[in-house]
Every structure is written in C-alpha cells, then in structure tokens.
Number of protein chains: 2
Amino acid sequence: MSERDLSPTQQRTRAALLRAGIEVLSNDPSAPLGEVASRAGVARSTLHRYFADKTALTAAITEFVTAEHDDALHRADLTEGTGLDALRRLALELMDRLDVLAWFLGPALLVEGLHSGSIDDMTGEPDPAVLDAAARGIADGSIDPALSPQWCESFVWSVLFSANHAPAASGMTTTEARSQAMRSLLKALAADPAAVR
Amino acid sequence: MSERDLSPTQQRTRAALLRAGIEVLSNDPSAPLGEVASRAGVARSTLHRYFADKTALTAAITEFVTAEHDDALHRADLTEGTGLDALRRLALELMDRLDVLAWFLGPALLVEGLHSGSIDDMTGEPDPAVLDAAARGIADGSIDPALSPQWCESFVWSVLFSANHAPAASGMTTTEARSQAMRSLLKALAADPAAVR
DNA sequence: CCGAAATGAAACATGAGCGTCCTAAAAAAC
DNA sequence: GTTTTTTAGGACGCTCATGTTTCATTTCGG
C-alpha cells in the first residue's frame, strides 16, 4: 500500500511530496507539514491525502531514501577489487545521491523518525556490507590497519556530511567540495596514502 | 543580564540548566522545555525563571558554548608552529569539549537557533583564525596544497562529528573513536601523510 | 534559629500544528 | 465534450508546548 496502484498523475505528485519532504525536513525536522506541501506546490490537504500521519510521511521518505541507498550499494559492487577501491566507488555513488541521502545526514541521525523519538536510539545505519568491505581492505593491505571497520564507515558518512554542507557553509563550489572530500577520504583510509593520485 | 549578579546557588542551577539544555536539545531540538528542566533536576517553572523564552535559553547556550569554543581556540594557540600542528592541537582541544560542542554539531548546524528558523542561513561557523592556520599550513608545506582552507575547517568539524557519534552508532569506545579520528584527520590533511606516526 | 532567597507545584490562557471533513474547481481520461 | 479523477481551499475540533501567575514549601545565609 505504498507505491503501486497509483495513476501516473498520482505517482508524480507523490514523488514531488517525497522530494519536498526531504528538502524541507532535512534542514528542519520540526518544520510544519504545510511547508512541505507548499514546497511541493501542493495544498496541505493533498499532502494529507497521500500521507495520513507525519510518521507516514517520514516512513515513506525513509523507505524511498533507503531504496536509493541500496541502489548505490548495488552499483558500488563492494565485493569487487580491494577494500579501499570498494569504499572509493561507494563514496562516489553516494555523492551522486547526496540530495536524497541528506535525509540520513540530517534528522535521521538525531530523530531516527521511524519508531520512537527517544534519545540515544541507534543513530545512523551500520551497514554490514560496508563493514565487510572495510574489513577486507584492512586484510588485503589497502586500508590502514590502525583503523577499525566501524570507524571507516562512520568516517565515510562524516566526509559525505561535510561535502554536502561545505558549499553552503563556506563559499566553495559543489565540485570543489566533492573532489577534496574524495581526496581526504582516500588519504585518510589508505594504508599507503602517498599512492593517492 | 546574563551571568553575573547571581548568587552561588543561582549560578549552579543556571549552569545545570545550560548543561541539560545542551544534552537534550542537541539530540532533539524540538524537545519540550519540560524535558530540559527535568534533565536538570528542576521544575519547569524554575527554568522559566532563568530563561523567559526558548530563544533566550538557546541564546544563552550558544553564548556558553561559544565561550568554550573560544577557550579551546585560545589554548590551541593557532599561530604557533606549522599549520598542520596548529590544527592538530585545535582538534585535540575541541575533542576535550565534545560534550559541550555537540551543540554546534547538532541543532546549531540546522536550525541555527539564534535569529531565524529559516532555511539556508549560514550553517556552522567559518572561523577566520582556523582558516588562517590552514592557509599557513598550505604555505609552509605541512598541509596538502590540494585542499582549500575552507575544506580543512569543514573537515575538522566533520571528523569531530564522527568522533562524537561513532561510539553511540557503532560499538566503539570513546578513546578508540578519538584516536582513530585524530589519525584520519592528520593523514587526510598532511602534505606528507606517511609522516603521521 | 530566623528571615530571606530560591524552588516546586499547579492552574490558566494562548497559540500553533495536526488530522478530519466537505465542497467547488481544475485537470485528466475517454 | 462529457465523465471521472484529482486537487484547492477552507472550516472545524483537538492536542500539546508555551509562557504567565500564584502560593506553599524548602533551602540557604548569617
């Protein structure tokens, strides 16, 4: 009861609402629903016709973003090549979806809107595939053995966060931020940082 | 009208409220004020006696955290030594204050609670002293010339963010996270990453 | 121990966002 | 061009956090 069984028209408005929800709620999780609606170019009542609750909206958004994340994970093909190369491909894929994945960098880290609003629930998403790739990288000598797989994953997201906010915060362009982010990421993770072109 | 002219008793409750405010509101900026009060072990009316508005509370918190940040900046003595060493000292000082500086890593980045709640207001705090140190590091050959000063600063905060959340997200200890964070930071920024012990 | 200061607890009015519902208008499908 | 679908634009009651006020109680200072 989430996506199919919708007319083409409905699918587009639904998609617009999800996009708007990500844009608005990523910057201010407590923003009124009316703001999401107007951002989507839609009346508040219409939003409510597609998503009953605010929780229903956030759940749908999370589902949507998760799908995008899974797609990135799939295309990165983490089981291929050295561990470092896998994480490099992953970071590149994730960067191409930063506008959507901002959802994971904003409210999801703090509120984790799905279930509860409680404090200290498991923030972020420790993905086993990423942990495996990092562990493999440490084993195959491509990733710095002084780093733990958990840190590697956390660090990847940290760099993505910076790459996403740096353009707005300081005055650098998106491409500048991304290239420097990739360089910083690889140098930090590599067992042999000098080999980073 | 902010801190002095307070009895010792009042100073302690005020400090407790600020601490509680940081703890609670950093994780959920839209948390009820009653939650802040109870966290401080104080009645909601008492909180309101110290801070009229919610904006007054957040402003006082920001002032308090900013003071702590300035102190870290002072102790780091950014004008001393190479640029990379300066940033290293800065990161260490900031890490010792992560519990307080979490305020800058959470709501302040998104809501920037002081003035408006609008979107795309200047997120974060581009500090000229840090930019200068980074620029000096690039000039003196200690910092990777492929990185811009703006990115260096953004990256420092990014790593701090990760060091703060990694323990909760994955299962690593605080000391693990901090040591790996420092290593990652230095390797990424250094012009000669191999020289990082 | 006693006056002053500080707090706890509760009641209260207010406003904002939410969720529901309804009707006329617009847009799409045929 | 007509029918069906989808939307806009409200009105409405509800909940909840907020901010204010008052009064009894506790704690502090000398």
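Residues numbered from 1 in each chain as written. Chains lettered and ligands numbered in written order. Predicted model: local features only at pLDDT ≥ 70, side-chain atom pairs only at ≥ 80, totals over all residues. Heavy atoms only, no water.

Inspection of the entire model under this criterion finds 6 aromatic pairs over all chains. On the basis of an interplanar angle of 90° and a centroid distance of 5.9 Å, the ring pair of Phe155(A) and Phe155(B) is categorised as edge-to-face. In this pair, Phe155(A) sits in helix 9 (residues 149-169) while Phe155(B) sits in helix 9 (residues 149-169), so the two residues belong to two different chains. By relative accessible area, Phe155(B) is classed as buried at 0%. A centroid spacing of 5.1 Å and a plane angle of 0° characterise the contact between Phe161(A) and Phe161(B), whose relative ring orientation is stacked. Of this pair, Phe161(A) sits in helix 9 while Phe161(B) sits in helix 9, placing the two residues on different chains. Of the two residues examined, Phe161(A) and Phe161(B), each falls in the buried class. Of the aromatic side chains, those joined through ring pairs into one cluster are Trp151(A), Phe155(A), Trp151(B) and Phe155(B). (Phe/Tyr/Trp six-rings, centres within 6.5 Å; stacked < 30°, edge-to-face > 60°. Helix = DSSP H or I, 4+ residues; strand = E, 2+ residues; numbered from the N terminus. Buried < 20%, exposed > 50% of the residue type's maximum accessible area, 1.4 Å probe, protein only.)

In the vicinity of DNA strand D, 19 residues are found, and the nearest of them are Thr13(A), Ala43(A), Thr46(A), Leu33(B) and His48(B). The share of sugar and phosphate among atoms of DNA strand D within 4 Å of the protein is 62%. Side-chain polar atom of Ser45(A) to a base nitrogen of DNA strand D: 3.3 Å apart, as the coordinates give it. For DNA strand D, a phosphate oxygen lies 2.7 Å from a polar atom in the backbone of Leu33(B). (Near = heavy atom within 4 Å. Polar contact = N/O pair within 3.5 Å; in protein donor to acceptor, adjacent residues only side chain to side chain.)

Moving on: the protein's contact with DNA strand C. The environment of DNA strand C is formed by 18 residues, the closest being Leu33(A), His48(A), Thr13(B), Ala43(B) and Thr46(B). When atoms of DNA strand C within 4 Å of the protein are sorted by moiety, sugar and phosphate together comprise 64%. Here a phosphate oxygen of DNA strand C sits 3.5 Å away from a polar atom, N or O, in the side chain of His48(A). A distance of 3.1 Å separates a phosphate oxygen of DNA strand C from a polar atom in the side chain of Thr13(B). Those elements that place two or more of their residues in the surface near DNA strand C are helix 3 (44-50) of chain A together with helix 1 (8-27) and helix 3 (44-50) of chain B.

Once that is clear, we can look at the nonpolar core. Counting 118 residues, the largest nonpolar core has Leu87(A), Phe155(A), Leu87(B), Phe155(B) and Leu189(B) as the members making the most contacts within it. For Leu87(B), the residues in contact, after removing those within four places along its chain, are Val130(B), Ala133(B), Ala134(B), Ile143(B), Cys152(B) and Leu189(B). (Core = buried A, V, L, I, M, F, W, Y, C linked by side-chain atoms within 4.5 Å. Contact = heavy atoms within 4.5 Å.)

Moving on: the environment of Thr82(B). All names here are of chain B. Considering the arrangement of structural elements, one finds threonine 82 in the loop between helix 4 (54-76) and helix 5 (83-95). For threonine 82, a relative accessible area of 35% corresponds to the partly exposed category. In the structure, threonine 82 is positioned 60 residues away from serine 142 in sequence and 6.5 Å away in space, judged by C-alpha atoms.

Right, let's talk about helix 1 (residues 8-27) of chain A for a bit. Across its 20 residues, helix 1 of chain A extends 29 Å between first and last C-alpha, which sits within 8% of the 28 Å expected from 1.5 Å per residue. Within helix 1 of chain A, burial applies to Arg14(A), Leu17(A), Leu18(A), Ala20(A), Gly21(A), Ile22(A), Val24(A), Leu25(A) and Ser26(A). (Expected span 1.5 Å × (residues − 1).)

Mean pLDDT over chain A works out to 90, with 88% of the residues at or above the 70 mark. Low pLDDT, under 50, characterises residues 110-122 of chain A; the predicted model gives this stretch 23 contacts beyond four residues in sequence or across chains. (pLDDT = per-residue confidence, 0-100.)

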